[in-house]
Amino acid sequence: MPDITYPNTLTAGTTTDADKVAENLFYAEGPADASLEVINRLTKTNLATALITREMVRPGAFFEGATTGHTANRDFFKQMYPANWDADYVDDAAAVAAPVAGLCKSERFDNTNSLCCVSWGFGVIIDDGNLIGTGTNDKAYGFKTTGGGTAGNKTSVHLFVNGVQITRCNWYLRQSDTTMAQFDKGFNRPDPEDIAPIAYHQDSRWEFGAFIIDAENVTTWFTGDTASLSPLLPGIHTAELRVASKKRMVRFKSSNISIFGMR
Amino acid sequence: MPTFDPFDEGDALTAANLTSRLTVMRTWVNALPARSVQRWGLDAQHVPPQTYGKGHATELFPNGFQAGSPALGGPVGAPFTVCTNSLPYTAGAQPVTYQTFDTDGGTSYGAGGVHGGGWRIPSQAAAASKMELTFDTPAFRLDTYGLGLLVRARVEVYNASAGFLMNDTSVDWGCSSNTASNAQIAAHCGIIGIGFESGAGTRYVLERTVRWNNLLGVARGTMSTSTWIRQTDLSVGNGTIAKVFGVVASQWWAPSPIVDPASDNELDIRTYAINILPIRYA
């Protein structure tokens, strides 16, 4: 907002003009911000900024956000997904991926922000139901040590913001072939020594990550019809991680996700 | 507060005395003292952006706060980066706080020092997809704006070398008891870290960010790390910063002297990302 300049100059020796005086006091239709009417909507340009203290700034002016988490088991079975989809095609996987409770969060942002950041962390077990072998090397192969080429891409995670897929946040979890329930198979019970240390066999893993959407990359995903869904705009925004899997079961053990915006 | 001179009853209105009073008001409003602002009187419309992003007068990162692999779509093919270098390991040696390595921007950042070899900055062929963020100002001082950098990096592990970790009698790992009933404990690890390049062009990996991930027991999907970079970190170089980057390496982790640098220690990664939140904290 520019400084007050007054629309009219009062000159000595001229006939008094009440309108000109009044316009200097209040002239909303005149030159922008020229009259004392500005007092009704003062902004930072009217302030001696060096003297601003944090008490003057309303909470949420710089930063808005929320977080959530979950610790109960959340299981995703391959039967819950459509029958015909190709796990090795990212777009296919993203299309059928299901949101994970504890990895979804909505929050209202009151302000236009410079960036929106999503952070997450979760623990997950991938279970394909196979009892580990008892051969010498099998003991170490409770899960696949390699991705196995395209054939190994059976479980993928996808970030969605406001329902829009953030294509730079698609990734796959290395597959597992083992089962969590090694003693429950009812046959060929392995020697306990063969499955020690157990940590090598239960396919538990932890994932952490973050992604920033800012003015530089927001138009990559939020353009055209989706421009109004930009997480930088005021409104209710949602971040969610979705999982797609062709494995027997994917179990999320713990999770958290946060979404925040910065002025 | 300014001294206002109100009109008294009977004063004649003139251009001069009207103007002088208006001028007093204008001057005062145009430079309101801070005490004029009520508690919580300023909201997001009054305060400047905090992130020094696009459109800001001081734009720290012209390409945004995020860098890494391009979008993953369509059929999943080969991994983007194959890291077969081995991070040198010297039994008994202590890592240094700031590891240095060379500035070869081609295929491998290696041979920079005892602990520096083997680091690699993930990158596809396109330089734009490097796991690296470059400051708009080539030699930037964080204390210029009282900034700290919250840096987070993650790498999707696509493939690791075939694990022959326990009870593998085909390889002599140097253990005293190398039989099928006595497990060996060598493990293939993927290593991730965060570093910065000084304004003088020297690269440093922050030791506190270096994270070894047992690819069989723990990290089977993603390796991640994070840190907070302050001006004091930059003193190891010339006090300025030009880039922030993520690095990966591969190595076997085992009690000395099991490590066999000649063994297969391939680490393939696919997607990767690094992001920075420059936050004013001072």
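Since we're looking at a predicted model, the values are computed, not measured.

1. A closer look at the overall build of chain B
- Across its full length, chain B carries one helix and eleven strands.
- Within the span of chain B, comprising 282 residues, buried residues form 51% of the whole.
- Considering only contacts within chain B whose residues lie at least 6 apart along the sequence, 74% involve residues at least 24 apart.
- Split by element, the accessible area of chain B, about 11,700 Å² in all, is 54% carbon and sulfur.

2. A few points about the pattern of salt bridges
- Counted under the stated rule, the structure contains 13 salt bridges over all chains.
- Among the ionic pairs, Asp75(A) bridges to Arg251(A), the shortest N-O distance being 2.7 Å. With Asp75(A) in strand β2 (residues 74-77) and Arg251(A) in strand β9 (residues 249-262), the pair connects residues that are 176 residues apart, well separated along the chain.
- Residue Glu132(B) is joined to Arg203(B) by a salt bridge in which the shortest nitrogen-to-oxygen separation is 3.0 Å. Of this pair, Glu132(B) sits in strand β4 (residues 132-134) while Arg203(B) sits in strand β7 (residues 203-206), placing them 71 residues apart in sequence.
- When its relative accessible area of 11% is taken as the criterion, Glu132(B) is described as buried.
- What you see here is one network of salt bridges that share partners, running through Lys130(B), Glu132(B), Glu197(B), Arg203(B) and Lys243(B).

3. Description of the packing of aromatic side chains
- All chains considered together, the criterion is met by eleven aromatic pairs over all chains.
- An angle of 50 degrees between the planes, with centres 5.9 Å apart, marks the rings of Tyr81(A) and Trp85(A) as tilted. Across this residue pair, the class does not change: Tyr81(A) and Trp85(A) are buried.
- Between Phe122(A) and Phe252(A), the ring centres sit 5.3 Å apart and the planes meet at 55 degrees, which makes this aromatic pair tilted. One end of the pair, Phe122(A), is in strand β4 (residues 115-127); the other, Phe252(A), is in strand β9, with 130 residues separating them in the sequence.
- Members of the aromatic cluster, each reached through a chain of ring pairs, are Phe61(B), Phe65(B), Phe135(B), Phe140(B) and Tyr145(B).
- Here Lys246(A) stacks its cationic end above the ring of Trp85(A), 5.1 Å away from the centre of that ring.
- Against the face of Trp171(A) rests Arg154(B), its NZ or CZ located 4.1 Å from the ring centre.

4. A short note on the pairing of β9(A)
Residue and element names in this part refer to chain A.
- The buried fraction of β9 amounts to eleven of the 14 residues, a majority that puts the element mostly inside the structure.
- Two strands pair when backbone bridges link them, and strand β1 (residues 63-70) and β9 are joined in this way by eight bridges, in the antiparallel orientation. Directly across from Glu 64, in β9, lies its bridge partner Gly 261.
- When β2 meets β9, the two strands line up antiparallel, connected through four bridges.

5. Re the sheet that holds strand β5 (residues 155-161) of chain A
All names here are of chain A.
- Pairing is antiparallel across the open sheet formed by four strands, whose spatial order is β3-β8-β5-β6. The open sheet has two edge strands with one neighbour each: β3 (98-109) and β6 (164-173). In this sheet, adjacent strand axes meet at a mean angle of 15 degrees when their direction is disregarded.
- The pairing of β5 with β6 spans six bridges and is antiparallel. Within the sheet, the bridge partner assigned to Phe 160 lies in β6 and is Gln 165.

6. Focus: helix α1 (residues 15-30) of chain B
- The terminal C-alpha atoms of α1(B) lie 22 Å apart, and with 16 residues this matches the ideal 22 Å at 1.5 Å per residue to within 8%.
- Those residues of α1(B) that sit buried are Ala15(B), Asn17(B), Leu18(B), Arg21(B), Leu22(B), Val29(B) and Asn30(B).
- If you follow the buried residues of α1(B), they end up packed against α1 (18-25) of chain A.

7. Notes on the side chain of Thr222(B)
- Locating Thr222(B) in the fold gives a position in strand β9 (residues 222-229).
- Of note is the side chain of Thr222(B), whose polar atom sits 2.4 Å from the side chain of Glu207(A).
- Of note is the side chain of Thr222(B), whose polar atom sits 3.4 Å from the side chain of Arg154(B).
- In this view, Thr222(B) contacts Trp171(A), Trp206(A), Glu207(A), Phe208(A), Arg154(B), Val155(B), Glu156(B) and Val157(B); residues no more than four positions away in its chain are not counted.

8. Observations concerning the nonpolar core
- Of all hydrophobic cores here, the largest spans 46 residues; its most connected members are Leu142(B), Leu149(B), Ile241(B) and Val244(B).
- Those elements giving two or more residues to this core turn out to be β4 and β9 of chain A together with β5 (147-160), β6 (187-197), β7, β9, β10 (243-253) and β11 (267-280) of chain B.
- Excluding its chain neighbours within four sequence positions, the residues that come into contact with Val244(B) are Met131(B), Glu132(B), Leu133(B), Phe135(B), Leu149(B), Val151(B), Ile194(B), Gly195(B), Phe196(B), Ile229(B), Ile274(B) and Ile276(B).
- In this structure, Ala93(A), Val164(A), Leu241(A) and Ala244(A) belong to the second largest nonpolar core, which totals 43 residues.

9. Considerations on the pairing of β4(A)
Residue and element names in this part refer to chain A.
- Among the 13 residues of β4, 13 are classified as buried, and the element is accordingly described as predominantly covered.
- Side chains Leu 115, Cys 117, Ser 119, Gly 121, Gly 123, Ile 125 and Asp 127 of β4 all project onto a buried face; the interleaved residues Cys 116, Val 118, Trp 120, Phe 122, Val 124 and Ile 126 project onto the opposite face, where all are buried too.
- Judged from the 13 bridges that link them, β4 and β9 form a sheet pairing that is antiparallel. Bridge pairing in β9 links Gly 123 to Ser 254.

10. Concerning the environment of Asp11(B)
All names here are of chain B.
- Mapped onto the fold, Asp 11 is located in the segment before α1.
- Looking at Asp 11, the relative accessible area reads 37%, which means it is partly exposed.
- In terms of polar contacts, Asp 11 uses its side chain to reach the backbone amide nitrogen of Asp 8, at 2.9 Å.

11. Points about the confidence of the model for chain B
All names here are of chain B.
- Across chain B, pLDDT averages 71, with 61% of residues at or above 70.
- Element-level pLDDT for chain B is lowest in strand β2 (residues 81-83), with a mean of 51, against a maximum mean of 92 in β9.
- Predicted confidence for residues 102-117 stays below pLDDT 50, and this span has 44 contacts to residues more than four positions away or in other chains.

Criteria and cut-off values
Residues numbered from 1 in each chain as written. Chains lettered and ligands numbered in written order. Predicted model: local features only at pLDDT ≥ 70, side-chain atom pairs only at ≥ 80, totals over all residues. Heavy atoms only, no water. Helix = DSSP H or I, 4+ residues; strand = E, 2+ residues; numbered from the N terminus. Buried < 20%, exposed > 50% of the residue type's maximum accessible area, 1.4 Å probe, protein only. Contact = heavy atoms within 4.5 Å. Areas by Shrake-Rupley, 256 points an atom, 1.4 Å probe, with all protein chains shown as cover. Salt bridge = Lys/Arg side-chain N within 4 Å of Asp/Glu carboxyl O. Phe/Tyr/Trp six-rings, centres within 6.5 Å; stacked < 30°, edge-to-face > 60°. Lys NZ or Arg CZ within 6 Å of the ring centre and 35° of its normal. Pairing = 2+ DSSP bridges. Axes fitted to C-alpha atoms, helices over the stretch in contact; angles between N-to-C directions. Expected span 1.5 Å × (residues − 1). Polar contact = N/O pair within 3.5 Å; in protein donor to acceptor, adjacent residues only side chain to side chain. Core = buried A, V, L, I, M, F, W, Y, C linked by side-chain atoms within 4.5 Å. pLDDT = per-residue confidence, 0-100.

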